[in-house]
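Examining the three-dimensional arrangement
Residues per chain, in single letters:
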Amino acid sequence: VDHPTCYDTTSFDIVVHPLPVISSNPVSLEQCDDDIDGFAPFNLSQANQLISNDYLNETFTYYVSQADAWAEINAISNSSAYINPTQPTSTVWANITTQNGCSRVKEVTLIVATTQIPADFIIQYADCDNDLIDNDDANGVIPFDLTAAQTQIEALFPNPQNLIISYYENMADALSESNPIPDLANYQNTNYPHHQFITVRVDSEDYNACLGLGEHIELTVYPKPVMPAVISNFEVCSASPLYDFDLSSKDSEI
């Protein structure tokens, strides 16, 4: 100021770094539950590539709230095995930071689909052989009403979700989704007399990767007793025309 003719100059660049380019579409991770409690571990990093095409050059940190994500506080420490806190859906927030320190925040929805039936779960139906189908009460084939099984199987799953439960005579049909049992109210074990396991298949309409499959319905047809063609007369000598017969003494002969 005192000597305006005495001065020097320099220059510097003004640089505006771009923010991360993230997907405008909703991002969600889907996980299959293996023990039907509605909770499952998520590897949150699997959402990285869904959020940004440049994910390999960016840093992702996950938070339980949007406010924490912007403030970059209270980051989720177990992001490789994060258990969803609520069912069937939960929300986490990703902070995406470029190499130049520019950040954006993206919501990620966590969805748990529960379709696995416990391995030891079994519904048993048993009845005596009868002739209701073909006038034959000795061939081990009878009609079964399996409709109650649907209610019991649906009750296994705690989450409100769109499930397809189907029933098959054998595992091969269930795997190929062919020849499902069409009428649970009037199933006839014609192809598997006397004893059979019905295979139950559970598919999620929302998450095709999730599947419950197993032999969870057992059918048993008990044979009727075979009566002897001839039973010997029960004869006694008595002075009275009335006599107290012990009919149980004929049990072994019958």
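Up top is the structure these notes are about.
Okay, so let's go over this structure.

Cut-off values and rules
- Residue numbers run consecutively from 1 along every chain, following the written order of its sequence.
- Local features in this predicted model are restricted to residues whose pLDDT is 70 or higher, and side-chain atom pairs enter the listing and the counts only when it is 80 or higher, whereas totals over whole chains, interfaces and linings include all residues.
- Side-chain metrics rest on all non-hydrogen atoms present in the structure, leaving aside hydrogens and water.
- The pairing criterion for strands is at least two bridges between them, as found by DSSP.
- In DSSP terms, a helix is any run of H or I states spanning at least four residues, a strand is any run of E spanning at least two, and both are numbered starting from the N terminus.
- Angles run from 0 to 180 degrees between N-to-C directions of axes, and those axes are lines fitted to C-alpha atoms, restricted for helices to the stretch in contact.
- The contact criterion used is simple: two residues touch if any of their non-hydrogen atoms lie within 4.5 Å.

Here's the deal with the sheet that holds strand β12 (residues 211-222)
Taken together, 4 strands build an open sheet; the order of strands is β7-β12-β11-β9 and the sheet is mixed. Where the open sheet ends on each side, the last strands, each with one partner, are β7 (123-128) and β9 (163-168). If you compare each strand with its neighbour and ignore which way they point, the axes differ by 20° on average. In terms of strand pairing, strand β11 (residues 195-204) meets β12 through 9 bridges, oriented antiparallel. Its bridge partner lying in β12, Val-202 is registered against Gly-212. Strands β7, β9, β11 and β12 of the sheet are contacted by helix α3 (residues 147-154), whose axis makes an angle of about 140° with β9.

Some details on the sheet that holds strand β6 (residues 103-114)
Within the open sheet, the 4 strands sit side by side as β1-β6-β5-β3. Their pairing is mixed. The sheet is open, and its two edges are formed by β1 (27-33) and β3 (59-63), each paired on a single side. Geometrically, the sheet is characterised by an average inter-axis angle of 30° between neighbouring strands, direction not taken into account.

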